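What follows is each chain in one-letter form.
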Amino acid sequence: MRVRDLPLADDLVAHYEAAGITDLYPPQAAAVDAGITRGENVVVAVPTASGKTFIAELAMLTSGGPALYIVPLRALAREKYETFSDLPGVEVGISTGDLDSTAELGAYDVVVATAEKVDSAIRSGASWVDDLSCVVVDEVHLLGSKGRGPTLEVTMATLGRRAPDVQIVALSATVDNPDEIADWLGAELVRSRWRPVDLRTGVYAEGRVDFDDGSTLPVAVDTDGDGDGDEDAGTAATVELVRGAIDDGGQCLAFVRSRREAETLAARLAEAGVGAAAAADELGEEVRDAGRADTGRRLAECVEGGVAFHHAGLRAEHRALVENAFRDRALKCICATPTLAAGVNVPARRVVIRDQQRYTGSGMEWLPVLEVHQMCGRAGRPHLDPYGEAVLVADDEDGRAELEDRYVGAEPEAVESQLADREALRTHVLAIVASGFADSQGGILDLLDATFYAHDRPEESLAGLVESVVDDLVEWEMLAAQNGEGAETLTATTLGEAVSRQYIAPQTGARVVSGIETMQGMETVTGLTALEVVCDTPDMHGTYLGNRERAAMYQFARRHASELTTDMGATERFERWLEAVKTARILLEWADGASTEALVEEYRIGPGDLESRVERAQWLLGAAAAVADVVGGDGSAFRSVRERLAPDVSDG
């Protein structure tokens, strides 16, 4: 099937042909046959780099009205926004941050947004949602994510209420049960393992890689590394596997378990001259200009050797520089944590997965099969590589057998709903009532009946959990229950409406109210007071508190006890609260003018961590001030420190 055969305007056909897209890949042709250009609901479950973005564009361009493209990550939103903006005659809008508005998005042909921003728009009654003709959901398998899954699931269910005739196109990695997702959405399923570049996957152990196609690759490994005898065999093998891909004219992604490991491996590769041919001195200067903290300096030094590291501790600008340089082939290798594999388009000739386990707080755990397969799927760049290779690194022959069984020969996990999580359900039950979608428990259950949870578990009822969650919200005075004519009517209180409108979790709202009440009886209310309140909520990212700094942070809390709303001797959540105090202290010092470089060195956080916490603090402080207004409290402390937090972390 050719692009010219599709129901597209001439300027769009010319655009695609100029980009070398003249014939459809088999999964793309199957999507057209399934009705993607006729307004039909379609679920597409195909490997990475098999043309899902073009399928999405076909749906949006032929839907006859405004389209919405939902993404899980802000970095992916920016990438898709730039891609869609190249389409002739198409006006594209984007909404991703906690502080930007969704109100004016109706003027665009295509809107790119995270699920959270779409959920926020639905809660606020944004009229453009009703006019949508097509909704594309990227990475729909994240329905199974504990963090993002419930919001994505409820958003899709409520979109169906707001725009019942909207076309739904869901894009997924290859998972075990795409048929169940398709059945839930009333969609045709396009399921394929076809890739434009062949992929072979294997395991390295004891001097060779055994691939799943029966071939082998000898790898000469110097386990002494630089001669000092302290390099482990896995790292030595990884270095040689990266070197081999680069010497063969390709690029490489190397995945490790932690930020520190990513930086250490990148420095090791740069020292060994593995990526020297990239000659990235100019890029190194750009990295230095983007931030002066030690993390940026170390990244610049690696980049000048043709290698980079990538993790969530980097500033967003640094991550973007690395990703773009790699796509432009100005870098030979990226050493990364698995977050890089979650949707950002950075394919390479070879992918090396040195670590298959990570620390979760309670011990080391194996990575999910789906996550490893997504890393492997980054191997093989269409039109650049004749093949792709993914290599998992094992310690020995027993390890080889373990990894072959666990990952190479295994199917990815099934997607399972996470909606029954109590904290998530509180958030969405409050939003359902506050947005006017339901005014009773029966109405709430009726809407939730349209979720993947209800479809996937028809024999299990959410009724008991919803009743318990409603009781929590009534106790927190966010919902009011009134009995009349044999039925209980639920309404959102002024507080409940504010909490939902500000897009904070009910538990966050309850903590803010408690903090405001305590502040009213305090003699000393400062910026630290306001920051402690918002940092001690589930909506603020935690900040790691090391053993060596715990005593110092405890002493800081004791010295400033009169400014804090929590009695440190009475709280049952002492460790989590002390982490919140650390976050508040960092933010206060930032508001007082401390540099990123100083804070990173003093508190052992990454510039990207500081960047994200400043942004979240601005959002939460604004929300807390709004809550204070409706409960009769004084929101001036929240507003004051919010104004002092600069909107941009510029020297990281």
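Just so we're clear, the structure is a prediction, and the values are computed from it rather than from any experiment.

Looking only at helices and strands, the protein features 26 helices and 19 strands. Taken against the 2.2 N^0.38 rule, which gives 26 Å for 652 residues, the C-alpha radius of gyration of the protein at 26 Å falls within 12% of a compact globule. Across its three principal directions, the C-alpha atoms of the protein cover 75 × 60 × 45 Å. By the burial criterion, 55% of the 652 residues in the protein qualify as buried. Within the protein, counting contacts between residues at least 6 apart in sequence, those at least 24 apart form 73% of the total. By element, 43% of the accessible surface of the protein is carried by carbon and sulfur atoms, the whole surface being about 26,600 Å².

Moving on, we come to unusual backbone geometry. With a phi angle near 60 degrees, Glu 477 is a residue other than glycine that sits in the positive phi range. With respect to the secondary-structure elements, Glu 477 resides in the loop between helix H18 (463–475) and strand E18 (479–484). Its relative accessible area of 57% is what places Glu 477 among the exposed residues. In this structure, Tyr 503 is a non-glycine residue whose phi angle is positive, near 60 degrees. Residue position: Tyr 503 is located in the loop between helix H19 (494–501) and helix H20 (506–520).

On to the pattern of salt bridges, then. The tally for this structure, following the rule as stated, stands at 43 salt bridges. Measuring nitrogen to oxygen at the nearest pair gives 2.8 Å for the salt bridge that ties Glu 17 to Arg 4. Placement of Glu 17 in helix H1 (residues 10–18) and of Arg 4 in the segment before H1 is noted, with a sequence separation of 13 residues between them. Salt-bridge contacts for Arg 381 lead to Asp 385; the nearest nitrogen and oxygen are separated by 2.4 Å. Residue class for Asp 385 comes out buried when judged on its relative accessible area of 7%. One network of salt bridges, with partners in common, ties together Arg 208, Asp 210, Glu 397 and Arg 400.

On to the packing of aromatic side chains. For the structure shown, the criterion picks out seven aromatic pairs. When the centroid spacing of 6.1 Å and the interplanar angle of 65 degrees are considered together, the rings of Tyr 554 and Phe 574 count as edge-to-face. Within this pair, whereas Tyr 554 is found in helix H22 (residues 547–559), its partner Phe 574 is found in helix H23 (residues 574–591), the two being separated by 20 residues in sequence. Judged by its relative accessible area of 31%, Tyr 554 falls in the partly exposed class. Note on Phe 574: relative accessible area 24%, which makes it partly exposed. Ring pairs connect the aromatic residues Tyr 554, Phe 574 and Trp 577, which therefore count as one cluster. Over the ring of Phe 211 we find Arg 200, and its NZ or CZ is 3.9 Å from the ring centre.

A few words on helix H10 (residues 281–289). Among the residues of H10, those classed as buried are Leu 283, Gly 284 and Val 287. Summarising the axial view, the buried residues of H10 lie within an arc of 105 degrees, below the 170-degree limit, and thus occupy one face. Exposed positions of H10 whose direction lies more than 90 degrees from the buried face are Asp 281, Glu 282 and Asp 289. Buried positions along H10 lie against helix H11 (294–303) and helix H12 (316–327).

Time to look at the pairing of strand E8 (residues 199–205). Residues in a regular strand project their side chains so that they alternate between the two faces of the sheet. Burial within E8 is extensive, with five of its seven residues counted as buried. Summarising the sheet, E8 and strand E17 (residues 388–393) pair through six bridges and their orientation is parallel. If you follow Arg 200 over to E17, its bridge partner there is Glu 389. Note that E8 and strand E9 (residues 208–211) share four bridges and pair antiparallel. When the sheet's bridge partners are listed, Val 203 is paired in E9 with Asp 210. Counting the residues in the hairpin turn of E8 and E9 gives two residues, including Glu 206, whose phi is positive at 50 degrees.

Once that is clear, we can look at the sheet that holds strand E4 (residues 110–114). The parallel open sheet is built from seven strands, whose spatial order is E3-E4-E2-E5-E6-E1-E7. Either end of the sheet is taken by a strand with one partner, and the two such strands are strand E3 (92–95) and strand E7 (188–191). Taken pair by pair, the neighbouring strands of this sheet meet at an average axis angle of 15 degrees, ignoring direction. Alignment of strand E1 (residues 42–45) against E7, held across four bridges, turns out to be parallel. Bridged to Val 42 within E7 is Glu 188. Sitting on the sheet, helix H5 (residues 115–123) touches strand E2 (67–71), E3 and E4, and the angle it makes with E4 is about 105 degrees.

Right, let's get into the sheet that holds strand E13 (residues 333–336). One open sheet holds the eight strands; their spatial order is E10-E9-E8-E17-E14-E11-E13-E12, and the pairing between them is mixed. Two strands lie at the open edges of the sheet, namely strand E10 (216–218) and strand E12 (307–310), each paired on one side alone. Taken over all neighbouring pairs, the strand axes of this sheet differ in orientation by 20 degrees on average, direction set aside.

With that settled, the discussion passes to the environment of Ala 424. With respect to the helices, strands and loops of the structure, Ala 424 is situated in helix H15 (residues 422–434). Residues Ala 424 and Val 499, spaced 75 residues apart in sequence, show a C-alpha to C-alpha distance of 14 Å.

On the secondary structure map, Ala 262 appears in helix H9 (residues 259–271). Residue Ala 262 is classed as buried on the basis of its relative accessible area of 0%. For Ala 262 and Val 137, which are 125 residues apart along the polypeptide, the C-alpha to C-alpha distance reads 31 Å.

Before going further, it helps to spend a moment on the packing of helix H16 (residues 441–448) against H18. Axis separation between H16 and H18 bottoms out at 10 Å; the angle between their running directions is 125 degrees. In terms of orientation, H16 and H18 fall into the oblique class. Read as a crossing pair, H16 and H18 show a hand that is right-handed. For the pair formed by H16 and H18, the contact residues are Gln 441, Ile 444, Leu 445 and Leu 448 on the first element and Ala 463, Val 466, Glu 467 and Val 470 on the second.

Among the structural elements, Tyr 81 can be located in helix H4 (residues 74–85). Taking the relative accessible area as the measure of exposure, Tyr 81 reaches 22% and is therefore partly exposed. When the C-alpha positions of Tyr 81 and Ser 95 are compared, they lie 9.8 Å apart, and in sequence the two are 14 residues distant. The residues contacting Tyr 81, other than those within four sequence positions of it, are Val 92, Gly 93, Ile 94 and Val 112.

Calculation rules
Residues numbered from 1 in each chain as written. Predicted model: local features only at pLDDT ≥ 70, side-chain atom pairs only at ≥ 80, totals over all residues. Heavy atoms only, no water. Helix = DSSP H or I, 4+ residues; strand = E, 2+ residues; numbered from the N terminus. Rg over C-alpha atoms; globule rule 2.2 N^0.38 Å. Buried < 20%, exposed > 50% of the residue type's maximum accessible area, 1.4 Å probe, protein only. Contact = heavy atoms within 4.5 Å. Areas by Shrake-Rupley, 256 points an atom, 1.4 Å probe, with all protein chains shown as cover. Salt bridge = Lys/Arg side-chain N within 4 Å of Asp/Glu carboxyl O. Phe/Tyr/Trp six-rings, centres within 6.5 Å; stacked < 30°, edge-to-face > 60°. Lys NZ or Arg CZ within 6 Å of the ring centre and 35° of its normal. Arc of directions from axis to C-beta. Pairing = 2+ DSSP bridges. Axes fitted to C-alpha atoms, helices over the stretch in contact; angles between N-to-C directions. Parallel < 35°, antiparallel > 145°, perpendicular 65-115°, else oblique. Left-handed = near helix turned anticlockwise from the far one by under 90°.

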